[in-house]
Amino acid sequence: MRTPRSAGLRRLVMGAGILVAAGTVSSSVEAQELRDQYHQAPRDTVSQEVYDGWKQFNLNCARCHGEDVLGTTIAPHLIISLKPEGPINTKEAFIQVVCAGRPDKGMPAWCPLGMDPGTIEKIYAYVKSRSDGKMSPGRPARKG
Ligand code: HEC
């Protein structure tokens, strides 16, 4: 014969079991979401140049300027800098500042670090198309 006390205990144990099960489900959903962020289907199909620029930007620049050029609190928001009314509104100005940097202000000088001008041009093509609103955030696909 069950006492009310042991029934209460059983409910408690069952409840804990459900909680544990729910925890497992939500953490596996989270893991799936994290995997999906990396393996997300590309949204834009871009030239090889822009694709290379996307990769180089995210490898070299994103830690300060933000992944997908979305900005951070420590460096200028390049989507704004490259707008027609922004301070870096030509390809030449972009190449100049990226090559020489502003080392005293925390912007590394990329040419002395070994980045070739071709790579800077590719990064420009990518950042410009983000600034012009021609590309969404995320990994693009390559044309052809
Ligand atoms: C270690 C952090 C850091 C990294 C990495 C970095 N930058 Fe910067 N960048 C800065 C900071 C800080 C500034 C602003 C300097 C200042 O105050 O004038 C800046 C400024 C700039 C500017 C001028 C923006 C403006 O509005 O005047 C451009 C363009 C730029 N960075 C491009 C790049 C590119 C392209 C890369 C990758 C190749 C890169 N940066 C990597 C920190 C960084």
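Residues numbered from 1 in each chain as written. Predicted model: local features only at pLDDT ≥ 70, side-chain atom pairs only at ≥ 80, totals over all residues. Heavy atoms only, no water.

**Things to note about the coordination of the iron atom of the ligand**
Test applied: Distances define the donors: N, O and S atoms within 2.8 Å of the metal qualify, as do those within 3.2 Å of Na, K or Ca. Water is excluded, so some sites may look unfinished. Every angle between 85 and 135 degrees makes a four-donor site tetrahedral, while opposite donors more than 155 degrees apart, with all other angles between 65 and 115, make a four-donor site square planar and a six-donor site octahedral; other sites are irregular. Strands here are runs of E lasting at least two residues and helices are runs of H or I lasting at least four, both read from the DSSP assignment and numbered beginning at the N terminus. When accessible area is computed with a 1.4 Å probe and restricted to protein chains, residues below 20% of their type maximum are described as buried, those above 50% as exposed, and intermediate ones as partly exposed.
Protein coordination of the iron atom of the ligand is provided by His 65 (NE2) and Met 107 (SD), with donor distances spanning 2.0 to 2.2 Å. The site at the iron atom of the ligand holds six donor atoms, and with the angles between them running 87 to 179°, its shape is octahedral. Remark: Met 107 occurs in the loop between helix H5 (91–100) and helix H6 (117–131) and His 65 occurs in helix H3 (residues 62–65); sequence separation between them is 42 residues. Taken individually, His 65 and Met 107 each receive the classification buried, so the pair is uniform in this respect.

**Quick word on the state of the cysteines**
Cut-off, in case you're wondering: When two cysteine sulfur atoms are found within 2.5 Å, that pair is recorded as a disulfide.
For the structure on display, the rule yields one disulfide. Through a disulfide, Cys 99 is tied to Cys 111; the S-S separation comes to 2.0 Å. One quick way to see it: the torsion about the S-S bond of Cys 99 and Cys 111 is about -125°, and its sign makes the bridge left-handed. In this pair, Cys 99 is assigned in helix H5 and Cys 111 in the loop between H5 and H6, connecting sequence segments 12 residues apart. What makes Cys 111 partly exposed here is its relative accessible area of 25%.

**Some points on the environment of Cys 61**
This is how the line gets drawn: Only heavy atoms enter the contact rule, under which two residues are in contact if any of them lie within 4.5 Å.
Of note, Cys 61 is situated in the loop between helix H2 (48–60) and H3. For Cys 61 and Met 107, which are 46 residues apart along the polypeptide, the C-alpha to C-alpha distance reads 9.7 Å. Look past the residues within four positions of Cys 61 in its chain and what remains in contact with it is Gln 56, Gly 66 and Ile 123.

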